[in-house]
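Letter by letter, the chains look like this.
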Amino acid sequence: MLKDMIFGLMRPFLTFYALLRYGSIWGLKRHLQQSAHPNKLMVLTYGHFFMRRGSFVGLESELEGTPCLPHGIQGIFISNEAKLGRDVVIFQQVTIGNNNLPGSKKPGSPHIGNNVYIGAGAKIIGGITVGDNCRIGANAVVYEDMPPNSVAVCAPTRILQKGQLDNTYRTRLGGQDYYFRDGRLHRGQGPELPG
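Report on the accompanying structure. (Residues numbered from 1 in each chain as written. Predicted model: local features only at pLDDT ≥ 70, side-chain atom pairs only at ≥ 80, totals over all residues. Heavy atoms only, no water.)

## What about the packing of aromatic side chains?
No. 1: Applying the stated criterion across every chain yields a total of five aromatic pairs.
No. 2: Relative to Tyr117, the ring of Phe91 has its centre 5.3 Å away and its plane inclined at 55 degrees; by these criteria the two rings are tilted. Of the two residues, Phe91 sits in the loop between strand S5 (89-90) and strand S6 (95-97) while Tyr117 sits in strand S8 (residues 117-118), which places them 26 residues apart along the sequence.
No. 3: Tyr117 sits in the partly exposed class, given a relative accessible area of 39%. (Phe/Tyr/Trp six-rings, centres within 6.5 Å; stacked < 30°, edge-to-face > 60°. Helix = DSSP H or I, 4+ residues; strand = E, 2+ residues; numbered from the N terminus. Buried < 20%, exposed > 50% of the residue type's maximum accessible area, 1.4 Å probe, protein only.)

Below, the structure is given as structure tokens:
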């Protein structure tokens, strides 16, 4: 308990130190992977860096280069056994995860080639290989091998025509009803749409 409290107080300084000394979180990752006996505080600092951003990049994952993260690291998950090539572009909310459930068709973690473009919300699961120069579309779920220079996309979106829809956001906070309009929350149920 006391160790956790002390680490909590030291965390910002340790993160600053690690980023300054190793140049980036990826430099710290490389240093920890190459160390025969990695510093436990630096291992904790590495893990907390991602946890505080709602993400996870396994320390044992193998990255041939620094991935391109156009929208930052928030919400990205890369399992410990995953392998990524050079110049991989990863958008927000991507999962590159393992599948070690008994009886799984493709157990293990993905191996992703060079120059792969992974769209927002994509899920790449299991012991599969994604070849070089592939594109994975937004929200696509990939659980089979992808040959080089191929594209994975979701089923096309269907557009359904409806009557007038009320998309007002409504919530209940502290026992009070609120609705969102004109850039802020208002107290009450909100106006009804004309029928």
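## Structural notes on the nonpolar core
No. 1: Ranked by internal contacts, the top residues of the largest apolar core, which has 36 residues, are Ile90, Ile96, Ile112, Ile118, Ile124, Val130 and Ile136.
No. 2: Elements supplying a minimum of two residues to this core: helix H1 (2-22), helix H2 (25-34) and helix H3 (40-51).
No. 3: Excluding residues within four positions of it along the chain, Ile90 makes contact with Pro67, Cys68, Leu69, Pro70, Ile76, Ile78, Leu84, Ile96 and Ile118. (Core = buried A, V, L, I, M, F, W, Y, C linked by side-chain atoms within 4.5 Å. Contact = heavy atoms within 4.5 Å.)

## Considering the packing of H2 against H3
What describes two packed helices is the angle between their axes and the distance between those same axes.
No. 1: Where H2 contacts H3, the two axes come as close as 10 Å, and the packing angle between them is 140 degrees. In terms of orientation, H2 and H3 fall into the oblique class. Note on packing geometry: the crossing formed by H2 with H3 is left-handed. When H2 is examined against H3, the residues Ile25, Trp26, Leu28, Lys29 and Leu32 are found in contact with a partner set consisting of Met42, Val43, Tyr46, Phe49 and Phe50. (Axes fitted to C-alpha atoms, helices over the stretch in contact; angles between N-to-C directions. Parallel < 35°, antiparallel > 145°, perpendicular 65-115°, else oblique. Left-handed = near helix turned anticlockwise from the far one by under 90°.)

## What to know about the pattern of salt bridges
No. 1: Counted under the stated rule, the structure contains four salt bridges.
No. 2: A salt bridge links Glu64 to Arg86; the nearest nitrogen and oxygen atoms lie 2.9 Å apart. Linking Glu64 in the loop between strand S2 (62-63) and strand S3 (77-78) with Arg86 in the loop between strand S4 (83-84) and S5, this pair joins segments that are 22 residues apart in sequence.
No. 3: The exposure class assigned to Glu64 is exposed, which follows from its relative accessible area of 55%.
No. 4: Glu144 is the salt-bridge partner of Lys105, the closest N and O atoms lying 3.2 Å from each other. Of this pair, Lys105 sits in the loop between S6 and strand S7 (111-112) while Glu144 sits in the loop between strand S12 (141-142) and strand S13 (151-152); the two residues are 39 residues apart in sequence, bridging distant segments of the chain. (Salt bridge = Lys/Arg side-chain N within 4 Å of Asp/Glu carboxyl O.)

This is a description of form; function is not addressed.
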